[in-house]
Structures are given as structure tokens and as C-alpha cells.
Amino acid sequence: MDRQETGVGSRLRQLREARGISLSALARSAGIGKATLSGLELGTRNPTLNTLHALAGALGVPLTALVLEPGAPLATAAMVNGVAVTATLLEVFEEPGATYELLRMRVRPGVVQHSPPHAPGVTEHWTVYAGVLRAGPAYAPLVAAAGEHISWQADVPHVYSTVGPDEVLANLLIRSPRHP
């Protein structure tokens, strides 16, 4: 069992229990299986980016609440993979009204990553450094080439893919407002 997987699982369980949410209710809300959630909490299952986004959205917390121990160095954050993307946490910025997470993103060609909605009010801001990215709301994705920027309200289902055969290298800034 990977130490990072165990850490994600224990943080997930702590957040769920602090909110008084049952395992079944969180699994239902996040759209994942109860056995999957149980395995994640126990550290016996490897979390995917989609699963982590779904759980963070259902709990109303930023992704870093699941992949980084409070107060721990950023280097200890779990790198997460999805069908098309690999995300590496670079920095977390805290302000009274929001949390900002800066991630280095790689988007592999030939596949589409479908992401569940984030919590209400969350926005994504992508800056592309190489390749051509197609990303945004599933019903109307945007396109950005190297040197361009796109952003959208990420509290709706959204997608990530490449346009063409080249891998996309980008930074992603996720803004998660704090809700009382």
C-alpha cells in the first residue's frame, strides 16, 4: 500500500466524518461505488483524478484537501492520473474567500478525459505551453494553443483532450470559493 494512497484515504474519511456524511451518501453524491469509496478510505484502491474531483466536489472542498496533509510540504502531495491527464500540484494559495491550486498538467493525445462538476463557484484557468488543448464545459469545450489561456465555470461536467497528435503541457489554476 502506497503511503500517499493511505494519506488520501485517511483525509477523505476525516472530511466525510466531520461533515456527518455516511459512506453510502458520499458515494451516491459523488457518483462512485460504495466499494470504491471504502477501498479509497482504507488505502487499498488507487484514486484517479476523476474520482478525486468527484469526491472533492461532493464534499465541497478543493482537491488539495484530499491530496495534501494540512501544513505538509507540497512535495508530499499525491500526483494524480486520469484517463488523459496527469496532474502535479505546484502551489496552493489561501485567501479569506478562496483557495487557489496551481497544477502542472500533461494531457495525453488520443483520449478524452471527462470530469465531474466541481463544487459550486469553482473556476478553472488553463495556460497552454505546448500542444493544442480542447477543454471546458462538456456541452461547449474551448480550444487553446501554446501561449493561450482559457477559463470557465467548472461546476458543470467538463472535458479535457488534445487537438492533434501532440501532448499538451499546461498550467491549471483552480479557484475554489469558500462556503460558510
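As the structure is a prediction and not an experimental result, all values here were calculated from the model.

Quick word on the environment of Leu173
- Tracing the backbone through its elements, the reader meets Leu173 in strand 10 (residues 168-177).
- Judged by relative accessible area, Leu173 falls into the partly exposed class, the value being 27%.
- Separated by 137 residues in the primary sequence, Leu173 and Thr36 have C-alpha atoms spaced 28 Å apart.
- Not counting the four nearest positions on each side in its chain, Leu173 is found in contact with Tyr100, Glu101, Leu102, Thr123, Glu124 and His125.

Some details on helix 4 (residues 49-59)
- Extensive coverage of helix 4 is indicated by the burial of 9 of its 11 residues.
- Buried within helix 4 are the following residues: Leu49, Thr51, Leu52, His53, Ala54, Leu55, Ala56, Gly57 and Leu59.
- Once helix 4 ends, the next one or two residues include Gly60, with phi positive near 70°.

What about the packing of helix 2 (residues 23-30) against helix 3 (residues 34-42)?
- Contact pair helix 2 / helix 3: the axes reach a minimum separation of 9 Å and the direction vectors enclose 110°. Between helix 2 and helix 3, the crossing angle belongs to the class labelled roughly perpendicular. In this structure, the crossing between helix 2 and helix 3 has a hand that is right-handed. Seen from helix 2, the contacting residues are Leu23, Ser24, Leu26 and Ala27; seen from helix 3, they are Lys34, Leu37, Ser38 and Glu41.
- Along the lines of polarity and charge, the residues of the contact of helix 2 with helix 3 split into 4 nonpolar, 2 polar and 2 charged.

Comments concerning the sheet that holds strand 4 (residues 113-115)
- With antiparallel pairing, the 4 strands of this open sheet are ordered in space as 4-9-6-7. Edge strands, defined here as strands with exactly one partner in the open sheet, are strand 4 and strand 7 (142-145). In this sheet, neighbouring strand axes are inclined to one another by 20° on average, regardless of whether the strands run parallel or antiparallel.
- Where strand 4 meets strand 9 (residues 158-162), 3 bridges bridge the pair, whose relative direction is antiparallel. In the strand pairing of strand 9, His114 is matched with Val159.

Thoughts on the pattern of salt bridges
- One pass over the full model with this rule turns up 5 salt bridges.
- Residues Arg16 and Glu41 are paired through a salt bridge, measuring 2.6 Å at the closest nitrogen-oxygen approach. Here Glu41 lies in helix 3 and Arg16 lies in helix 1 (residues 3-18), a separation of 25 residues in the sequence.
- With a relative accessible area of 9%, Arg16 lands in the buried category.
- What makes Glu41 buried here is its relative accessible area of 7%.

Description of helix 2
- For helix 2, every residue scored as buried is listed here: Leu23, Leu26, Ala27 and Ala30. Down the axis of helix 2, the sector holding all buried residues measures 100°, keeping them to one side. In helix 2, the exposed positions that point more than 90 degrees away from the buried face belong to Arg28 and Ser29.
- Backbone geometry just downstream of helix 2 places Gly31 in the positive-phi region, at approximately 75°.

What counts as what
- Residues numbered from 1 in each chain as written.
- Predicted model: local features only at pLDDT ≥ 70, side-chain atom pairs only at ≥ 80, totals over all residues.
- Heavy atoms only, no water.
- Helix = DSSP H or I, 4+ residues; strand = E, 2+ residues; numbered from the N terminus.
- Buried < 20%, exposed > 50% of the residue type's maximum accessible area, 1.4 Å probe, protein only.
- Contact = heavy atoms within 4.5 Å.
- Axes fitted to C-alpha atoms, helices over the stretch in contact; angles between N-to-C directions.
- Parallel < 35°, antiparallel > 145°, perpendicular 65-115°, else oblique.
- Left-handed = near helix turned anticlockwise from the far one by under 90°.
- Nonpolar A, V, L, I, M, F, W, Y, C, P; charged D, E, K, R; others polar.
- Pairing = 2+ DSSP bridges.
- Salt bridge = Lys/Arg side-chain N within 4 Å of Asp/Glu carboxyl O.
- Arc of directions from axis to C-beta.

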